[in-house]
Amino acid sequence: MSQAPQAPATPPLQPHRIDLAGCTDKAELLARIARTLRFPNWFGHNWDALSDCLCDLSWLPADAYRLEFLHAEALRTAAPETFATLCEILDETGDFWRAEGVGFGHAFIPALPEAPAGAPR
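Residues numbered from 1 in each chain as written. Predicted model: local features only at pLDDT ≥ 70, side-chain atom pairs only at ≥ 80, totals over all residues. Heavy atoms only, no water.

Draft legend 1. The arrangement of the overall build of the protein in detail. The helix and strand inventory of the protein stands at four helices and three strands. Along its sequence from the N terminus, the protein presents helices and strands in the succession β-α-α-β-α-α-β. The long-range fraction of contacts in the protein, counting pairs at least 24 apart against all pairs at least 6 apart in sequence, stands at 59%. When the accessible area of the protein is evaluated, it comes to approximately 7300 Å², of which 53% is carbon and sulfur surface. (Helix = DSSP H or I, 4+ residues; strand = E, 2+ residues; numbered from the N terminus. Contact = heavy atoms within 4.5 Å. Areas by Shrake-Rupley, 256 points an atom, 1.4 Å probe, with all protein chains shown as cover.)

Laid out in structure tokens, this is it:
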């Protein structure tokens with residue numbers, strides 16, 4: 001007796017890809033994230049507003065979220081503090097969504113080399 005193949009319980013996760021090629025400052029970083037994730041008009045283009053939007057995403061309902069940042073090398077080099085703050089917010093956002101039972105991950109593509117201890121990643 002053969003069994004019909006079963007469909008996966010949930011569709012595969014489609015990442016949100018944020019292209020950072022040539023991005024070298026906070027303002028452009030926030031604008032690119034907002035555009036890609038279709039942030040609402042109330043987005044304030046600051047770190048607190050980024051955190052608020054990433055911990056809401058009600059306009060993008062999903063069982064899980066994955067953000068892939070493409071070509072982040074220029075930002076990391078030109079604005080290491082901005083890059084470090086972005087990483088902190090992404091980590092905090094992951095903690096928030098895990099507590100809600102929702103998957104959240106992020107990656108930098110291509111993968112950035114390991115930073116020395118104490119340096120922004």
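Having seen the model, we can carry on.
Draft legend 2. Spotlight on the sheet that holds strand E2 (residues 64-70). Read across the open sheet, the three strands follow the order E1-E2-E3; overall the sheet is parallel. The sheet terminates laterally at strand E1 (16-19) and strand E3 (103-109), the two strands that pair on one side only. Across the sheet, the mean angle from the axis of one strand to that of its neighbour is 15°, orientation sign disregarded. The sheet contact formed by E2 and E3 spans seven bridges and is parallel. Across the sheet, the residue bridging to Ala-64 is Gly-103, located in E3. Packing of helix H4 (residues 80-99) onto the sheet brings it into contact with E2 and E3, and relative to E3 it is tilted by some 155°. (Pairing = 2+ DSSP bridges. Axes fitted to C-alpha atoms, helices over the stretch in contact; angles between N-to-C directions.)

Draft legend 3. Quick look at the pattern of salt bridges. Evaluated as defined, the whole model comprises four salt bridges. Here Arg-17 and Glu-68 are joined by a salt bridge, their closest N and O atoms 2.6 Å apart. Of this pair, Arg-17 sits in strand E1 while Glu-68 sits in strand E2, and the two are 51 residues apart along the sequence. Judged by its relative accessible area of 52%, Arg-17 falls in the exposed class. (Salt bridge = Lys/Arg side-chain N within 4 Å of Asp/Glu carboxyl O. Buried < 20%, exposed > 50% of the residue type's maximum accessible area, 1.4 Å probe, protein only.)

Draft legend 4. Spotlight on the side chain of Thr-93. Mapped onto the secondary structure, Thr-93 falls in helix H4. Excluding its chain neighbours within four sequence positions, the residues that come into contact with Thr-93 are Leu-54, Cys-55 and Phe-104.

Draft legend 5. The nonpolar core, seen in detail. Ranked by size, the top nonpolar core spans 32 residues in total, and within it Ile-33, Phe-39, Leu-50 and Phe-69 carry the most contacts. Going through the elements one at a time, helix H1 (26-36), helix H2 (47-54), E2, H4 and E3 are the ones with two or more residues in this core. Those residues in contact with Phe-69 that lie beyond four places of it in its chain are Ile-18, Leu-20, Ile-33, Leu-86, Leu-90, His-106, Ala-107, Phe-108 and Ile-109. (Core = buried A, V, L, I, M, F, W, Y, C linked by side-chain atoms within 4.5 Å.)

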